[in-house]
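Inside the fold
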Amino acid sequence: MSDERILNIKDLDITFSTTAGTVHAIRGINIDLYKGETVAIVGESGSGKSVTMKAAMGILASNAKVEKGTIEFSYHHADGTPETVDILTKDKKWIRRHINGKRIAMVFQDPMTSLDPTMTIGKQIMEGMRWHFKTPKKEAWDRAVELLREVGIEEPEKRMKNYPHQLSGGMRQRVVIAIALSCNPDLLICDEPTTALDVTIQAKIIELIKKVQKERGISVIYITHDLGVVAKVADFINVMYAGKIVERGTTNEIFYDPRHPYTWGLLSSMPDLDTDDERLYTIPGSPPNLLHEKPGDAFAPRNRYALEIDDKLEPPMFQITKDHFAATWLLDPRAPKVEMPVELKNRIERMKKEAEEHGCKL
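Description of the structure in this document. None of the values given here were measured: they were computed from a predicted structure.

Let us now look at the layout of surface pockets. Computed from the structure, the largest pocket encloses a volume of approximately 1,700 Å³. Lining the largest pocket are 49 residues, with L227, G228, A231, K232 and F255 sitting closest to its centre. Counting residues per element, the ones that place at least two in the lining of the largest pocket are helix 8 (199–216), helix 9 (227–233), helix 10 (251–256) and helix 12 (342–357). Looking at the lining of the largest pocket, the element that brings in the most residues is helix 8, giving 8 residues. In the lining of the largest pocket, the residues fall into 21 nonpolar, 15 polar and 13 charged. Roughly 770 Å³ of volume is contained in the second largest pocket. When residues of the lining of the second largest pocket are traced back to their parent elements, those giving at least two are strand 6 (104–107), helix 4 (121–133) and helix 7 (169–181). By residue number, the principal contributor to the lining of the second largest pocket is helix 4, which donates 6 residues. Each residue belonging to the lining of the second largest pocket can be placed in one class, and the counts come to 13 nonpolar, 7 polar and 3 charged.

Turning our eyes to something else, we now look at the sheet that holds strand 5 (residues 82–86). Judged by pairing direction, the sheet is antiparallel, and its 4 strands sit side by side in the order 2-1-4-5 without closing on themselves. Among the strands making up the open sheet, the edge pair consists of strand 2 (21–34) and strand 5. Going from strand to strand, the sheet's axes swing by 10 degrees on average, the running direction of each strand aside. Of the pairings in the sheet, the one linking strand 1 (residues 5–18) to strand 2 comprises 11 bridges and is antiparallel in character. By the bridge assignment, S17 is partnered in strand 2 with T22. Sitting on the sheet, helix 1 (residues 49–57) touches strand 1, strand 2 and strand 4 (64–76), and the angle it makes with strand 1 is about 115 degrees.

On to helix 7, then. End to end, helix 7 covers 19 Å across 13 residues, agreeing with the expected 18 Å (1.5 Å per residue, within 8%). Within helix 7, 10 of the 13 residues are buried, which leaves it mostly tucked inside the rest of the structure. Buried within helix 7 we find G170, R172, Q173, R174, V175, V176, I177, A178, A180 and L181. As for helix 7, its buried residues are in contact with strand 6, helix 3 (111–114), helix 4, helix 5 (137–150), strand 7 (187–191) and helix 8.

The rules behind each value
- Residue indices follow the written sequence of each chain, beginning from 1 at its first position.
- Since the coordinates come from a predicted model, pLDDT governs what is reported: local features require at least 70, and pairs of side-chain atoms require 80 or more to be given and counted, while whole-chain, interface and lining totals use all residues.
- Note that the side-chain values use all heavy atoms of the structure and ignore hydrogens as well as water.
- A pocket here means an open set of points on a 1 Å grid, computed over the protein atoms alone, that has protein on both sides within 12 Å along at least five of seven lines. A cavity is instead a set of points where a 1.4 Å probe fits but cannot get out; residues with an atom within 4 Å of a point line either one.
- Grid points are joined across faces, edges and corners, and a volume is the space filled by probe spheres set on the points.
- Helix numbers and strand numbers start at the N terminus; a helix is a DSSP run of H or I with at least 4 residues, a strand a run of E with at least 2.
- Residues are grouped as follows: Ala, Val, Leu, Ile, Met, Phe, Trp, Tyr, Cys and Pro are nonpolar; Asp, Glu, Lys and Arg are charged; every other residue, Gly included, is polar.
- Between any two strands, pairing holds if DSSP finds at least two bridges.
- Here an axis means a line fitted to C-alpha atoms, over the contact stretch when the element is a helix, while the angle between two N-to-C directions is reported on a 0 to 180 degree scale.
- Pairs of residues are marked as contacts when any of their non-hydrogen atoms sit within 4.5 Å.
- Each residue after the first adds 1.5 Å to the expected span of a helix.
- To sort residues, take the accessible area from a 1.4 Å probe on protein chains only and compare it with the maximum for the residue type: under 20% means buried, over 50% means exposed, and anything in between is partly exposed.

Printed below as a string of structure tokens:
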């Protein structure tokens, strides 16, 4: 892993103006990403995962307002000179010319919303190269064919002439990845890239992204609510709840030593063949309505381990190890000692054993 930081999101706060009032969707987000690293952002729908990354891409909705924070992105120009810019200070035209697709590319969860149904696959892959780099048509065509081959599409020359509706869901997602890679970006953001696909195709798409990352040395951010996907790909995990990061650490720390009750809930709700429970665990209640912010910890109403202080004061980030932090009052030295649920503890022991059997380093 490199010590060259390419993305630094600091104290990001975003609100949305709606007819019902102001929604405080992102509340003080901090994320660091280094060259060649994979960082995952995990949480339930509506926790602010996609909004955070759309801000980094400069593609926020028109009713969004950045209240405070910086999003610093570092890259190199063609001649090798380094540059760091705060994306939040740049206008949409500049971002479109210098960032979108060229240096940061995004793969969305539904390929049909990303692909133009009226354009051939080939034309859509060539478009970015032609626009950003003025690549000659023949060269762009050859490179597009090569990209289709790289993402595992057979008979790429033939597929270049196809339209999106002529391809299966898995092939369309591969095409979207080929488009994302067409301008050699430094950062690939994958927003639920496998949600709409069946399990066998999901595994292939994840392997493909891993392979491409290894070959090109690019950084990847995964946005997902599926911790199973994250286990296979991420170096670091950020757990998000109600617009805040409530726990962050290395993948091993989050999986084998989770400290936040919300992370316990997420891990407990993963399907597991060896569990004794008749039913799959679900976190009680629903995510909070961010139109009506309440004092204290947003997770408190759903947290069976909540303390009195949770209704009054928001917990700070407590440091557990060099990379591991969690925002829960349970980590305060004055708090009563609370253990994770026994069933989860047993499950983690099984996961550790399995990992060791497969020769994984813990």
